[in-house]
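# Descriptive structure summary
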Amino acid sequence: MAKVVAIIGASSDRRKFGNRALRAFRQQGYTVIPINPTEGLIEGLTAYKSVLDVPGTIDMASFYVPPDVGQGVMDEVAKKGIAEVWLNPGADSERLIRHARSLHIEPIVACSIVAIGQDPYAF
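Let me begin by describing the structure that accompanies this report. Quick caveat: nothing in here was measured; it's all calculated off a predicted structure. (Residues numbered from 1 in each chain as written. Predicted model: local features only at pLDDT ≥ 70, side-chain atom pairs only at ≥ 80, totals over all residues. Heavy atoms only, no water.)

## Focus on the sheet that holds strand 6 (residues 84-87)
Strand order in the open sheet made by the five strands is 2-1-5-6-7, with parallel pairing throughout. A single partner strand is all that each edge strand has here, and the edge strands are strand 2 (31-35) and strand 7 (108-109). Both strand 1 (residues 4-8) and strand 2 contribute to a ladder of five bridges, which runs parallel. From the neighbouring strand, Ile-7 faces strand 2, where its bridge partner is Pro-34. Sitting on the sheet, helix 2 (residues 67-80) touches strand 1, strand 5 (60-63) and strand 6, and the angle it makes with strand 5 is about 180°. (Pairing = 2+ DSSP bridges. Helix = DSSP H or I, 4+ residues; strand = E, 2+ residues; numbered from the N terminus. Contact = heavy atoms within 4.5 Å. Axes fitted to C-alpha atoms, helices over the stretch in contact; angles between N-to-C directions.)

Next comes the structure, spelled out in structure tokens:
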């Protein structure tokens, strides 16, 4: 069964990393869930306002939002029980990392697109 990944800050703008990540993970066979409070459809997939709105389990969350936005999202990720959390370049801050740890989440601070063997600039 494919791993389910939520792209926090997914975007329909194909130049943005929130879109590139969605396409990279999908190409690698992941089940991708776009999370964006203002968009309804991204790359043909239904976008959810929050991970809490997504039915079923999410295995991984990859953040593409500014750290201040990530603060509130991290609470939702913890409530949803998402075990694997990636803070991509620009989405991380010391404050957000401390907040994640206070919620018993040990975030991975790195580019999740590179981690799955993809070039983020190829999308």
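## Here's the deal with the environment of Asp-92
Its place among the elements puts Asp-92 in the loop between strand 6 and helix 3 (94-102). Considering only alpha carbons, one finds Asp-92 and Val-65, 27 residues apart in sequence, at a separation of 8.8 Å. Filtering out sequence-adjacent residues up to four positions away, Asp-92 remains in contact with Pro-67, Leu-87 and Val-109. Polar contacts involving the side chain of Asp-92 include one to the main-chain amide nitrogen of Gly-90, which spans 3.5 Å. (Polar contact = N/O pair within 3.5 Å; in protein donor to acceptor, adjacent residues only side chain to side chain.)

## Concerning the packing of helix 2 against helix 3
Direction vectors running N to C along helix 2 and helix 3 enclose 5°, while the axes themselves pass 9 Å from each other. As far as their axial angle goes, helix 3 and helix 2 are roughly parallel. Note on element contacts: helix 3 touches helix 2 through Arg-95, Leu-96, His-99 and Ala-100, opposite Pro-67, Asp-68, Gly-70, Gln-71, Met-74 and Asp-75. Looking at side-chain class alone, the contact of helix 2 with helix 3 contains four nonpolar, three polar and three charged residues. (Parallel < 35°, antiparallel > 145°, perpendicular 65-115°, else oblique. Nonpolar A, V, L, I, M, F, W, Y, C, P; charged D, E, K, R; others polar.)

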